[in-house]
Structures are given as structure tokens and as C-alpha cells.
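Report on the structure
Spelled out from the first residue to the last, the chains are:
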Amino acid sequence: MSTDGLIVVDKPGGMTSHDVVARLRRLARTRRVGHGGTLDPMATGVLVIGIGRATRLLTYVIGADKSYAATIRLGQATVTDDAEGDVIATTPAGTLTDEAVRAALAGLTGEIDQVPSAVSAIKINGQRAYKRVRAGESVDLPARRVTVSRLDVLAIRRTSPDVVDVDIDVACSTGTYIRAIARDAGLALAVGGHLTALRRTAVGGFTRRAVLPAPGRHRGGGEGAVARRSARSGRPHRAVRGLRSGRWADRYRQRAGRPGPRGDRARPGLTPGTGRPTVGVRR
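The rules behind each value
- Residues numbered from 1 in each chain as written.
- Predicted model: local features only at pLDDT ≥ 70, side-chain atom pairs only at ≥ 80, totals over all residues.
- Heavy atoms only, no water.
- Helix = DSSP H or I, 4+ residues; strand = E, 2+ residues; numbered from the N terminus.
- Buried < 20%, exposed > 50% of the residue type's maximum accessible area, 1.4 Å probe, protein only.
- Contact = heavy atoms within 4.5 Å.
- Polar contact = N/O pair within 3.5 Å; in protein donor to acceptor, adjacent residues only side chain to side chain.
- 1 Å grid on protein atoms, 1.4 Å probe; cavity = no way out; pocket = protein on both sides within 12 Å on 5 of 7 lines; lining within 4 Å.
- Points joined across faces, edges and corners; volume = space filled by probe spheres on them.
- Nonpolar A, V, L, I, M, F, W, Y, C, P; charged D, E, K, R; others polar.
- Pairing = 2+ DSSP bridges.
- Core = buried A, V, L, I, M, F, W, Y, C linked by side-chain atoms within 4.5 Å.
- Salt bridge = Lys/Arg side-chain N within 4 Å of Asp/Glu carboxyl O.

1. Examining the environment of glutamine 114
Of note, glutamine 114 is situated in strand E7 (residues 110-114). Relative accessible area serves as the criterion here: at 2%, glutamine 114 is assigned to the buried category. Note: C-alpha distance between glutamine 114 and alanine 143 (29 residues apart in sequence) is 5.0 Å. Among residues more than four places away in sequence, those in contact with glutamine 114 are Pro142, Ala143, Arg144, Val146, Gly175, Thr176, Tyr177, Ala180, Ile181 and Asp184. Of note is the side chain of glutamine 114, whose polar atom sits 2.8 Å from the backbone nitrogen of tyrosine 177.

What follows is the structure in C-alpha cells.
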């Protein structure tokens, strides 16, 4: 049985993205397994896994836009900008109006320069930023240009006199930190803010409708489930057709300063002159 292909996993909270990769390596009996974009342990939702030759396509998956459902708590700031970190500041937020909350979040849409959370997987001189923070270092990361194409406020809830919980739905470019949106909204309102819930609902064309349970956490998430989505049918998953059309590949090349499809040199994994992956991805 071939084990080449892309699998869309519903990552549960409490697992790292690497935990999911490690379990699938055992199930697929290969170390050639990777993921298409890290999810924090607290976060749940869409995690695209590549197995075998399909790992070559993960470059394009990583560069795809993402969608998230999240909850921001205003009135408390944490060291990690999410609920996993210790609270470092508390400012009563009960007097905030709905209009002020919506205006602060509206100011974080479009093309913005966003400073990633210090407790992130970004590498500084070869070491992850979060490891440096845990070792007691002070980490200052430079701002990055990202695009928040949509930020909808779904609900504003006041379950406690001093905090305000805001449910949002976000569509953004790769590299955007939803934790940073929560932090920056709190700063704009002068009350502090952090993320209390995060679920990734889409990566490019891969959505939660296509997900499998993470292996070892739910019934049906074992080797049989992996096999059903591995390379057997010969037809690409509908979300992969966008990758094979070259649309995401072109976007990646533009960001990397590489020539477009007509100027492509022969490179592993791309068909010369088309910019399209040569690996056939199957269901």
C-alpha cells in the first residue's frame, strides 16, 4: 500500500504539531512525514500533514492563507499572549463599549506590521524564541508585514465585571499570529488582552470538512483512517488542485523573489516551464 499523500488532521488541544507528526510516522512506517504550518498546543483544528513524496508540496501549503475562529479576553495580559501563560497585568475592562472594541479590532485589519509573540517558534540564531524566553532571556522580535483580509466580530460577552470576551473569525496571510491580534487589541484599548481559544478552520482550500481525528485520540484515527486518505485513487484532493494549478506556487515564488512560471529553472519537485509540482497527490 502506498503511503504518499496529504492528510488533513483535526488537531486536538494539548498536542503539539510535532506530536501529530510523530504518531503518523509510526502509523505510516516512514520518517518522511511533515506538517504544513505549526499550531500551538492550545490550538485545535486543521493541520495538513504530508507523507512520503507529498512532503514536497508542504512548501506551498505553508504559504497558503489561513482562517481561524478565536476568543480574545480583554482586561488581562499574559506572558505568552494566550491562556497558557501567567497573567502579568490586570486592568478592569467592564466599561469598554462595544463600539470601542470593534474599532480597536478594525484597526488591526488590512496590511499591518505585526510583532510576533516572544513565545513563538520563530528561530533566533538557530534557537526557537520560546526556548530563549523559558531560559530567562529577553526576546525582541522585529515586526513582520502580514495581511488580515477579514476580521469579523461574532460576539462580545461580559461574563465577569472586569473582563470582556470577544469571539472573532479571521482570515489572514501566512505568518499572522492571532495571539498578537489579541495582545495588540488589548494595548489599543489600554486594558491588556490575550487569547483564550483558537481553532484553525482552513488552510488554503483545506477546510475542517475534510479533517480526520488525530491518531490515537479518537476512534477511527488509526492506521485504517490514514490509509483511506493516502495515495490510492490517483485523483488529487480538490484542495490540492489549487496547488497543482500553480496559483500558490506562483505566490510562493513571488515572495521568495524567484522567477515566474515561464522563467522557471528545473528544480526538484517542479515541472520546468509550468511551476507545477510533479508529485501526484491523491486522496
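2. Points about the environment of arginine 183
Tracing the backbone through its elements, the reader meets arginine 183 in helix H5 (residues 178-188). With residues up to four places along the chain from it excluded, the contact list for arginine 183 reads Asp81, Val115, Pro116, Ser117 and Gly193. Within the structure, the side chain of arginine 183 is placed 2.6 Å from the backbone oxygen of valine 115, a separation counted as a polar contact.

3. Observations concerning the layout of surface pockets
The volume enclosed by the largest pocket comes to roughly 1,500 Å³. In this structure, the largest pocket is lined by 47 residues; those nearest its centre are Gly37, Thr38, Ala121, Ile122 and Tyr177. In terms of residue class, the lining of the largest pocket is built from 15 nonpolar, 17 polar and 15 charged.

4. Comments concerning the pairing of strand E10 (residues 144-160)
Pairing analysis gives five bridges linking E7 to E10, with the strands arranged antiparallel. Residue pairing across strands places glutamate 111 opposite threonine 147, the latter belonging to E10. In terms of strand pairing, E10 meets strand E11 (residues 163-172) through nine bridges, oriented antiparallel. Paired with isoleucine 156 across the two strands is valine 166, which belongs to E11.

5. Here's the deal with the environment of alanine 143
Mapped onto the secondary structure, alanine 143 falls in the loop between helix H4 (129-134) and E10. Residue class for alanine 143 comes out partly exposed when judged on its relative accessible area of 46%.

6. Some remarks on the nonpolar core
Ile49, Ile72, Leu74, Leu105, Val166, Ile178 and Ile181 are the most contacted members of the largest nonpolar core, which has 44 residues in total. Counting residues in hydrophobic clusters, the runner-up holds 12 residues, among them Val8, Ala54, Ala64 and Val203.

7. What about the pattern of salt bridges?
Scanning all chains against the criterion turns up 12 salt bridges. For aspartate 40, the salt bridge identified is with arginine 179, shortest N-O distance 3.2 Å. Here the residue aspartate 40 occupies a position in the loop between strand E2 (33-35) and strand E3 (44-51), and arginine 179 occupies one in helix H5, the gap between them amounting to 139 residues. Two residues, arginine 158 and aspartate 98, come together in a salt bridge whose shortest N-O distance is 2.9 Å. Taken as a pair, arginine 158 in strand E10 and aspartate 98 in helix H3 (residues 98-106) lie far apart in primary sequence, 60 residues in all. One network of salt bridges, in which partners are shared, links Asp81, Arg183 and Asp184.

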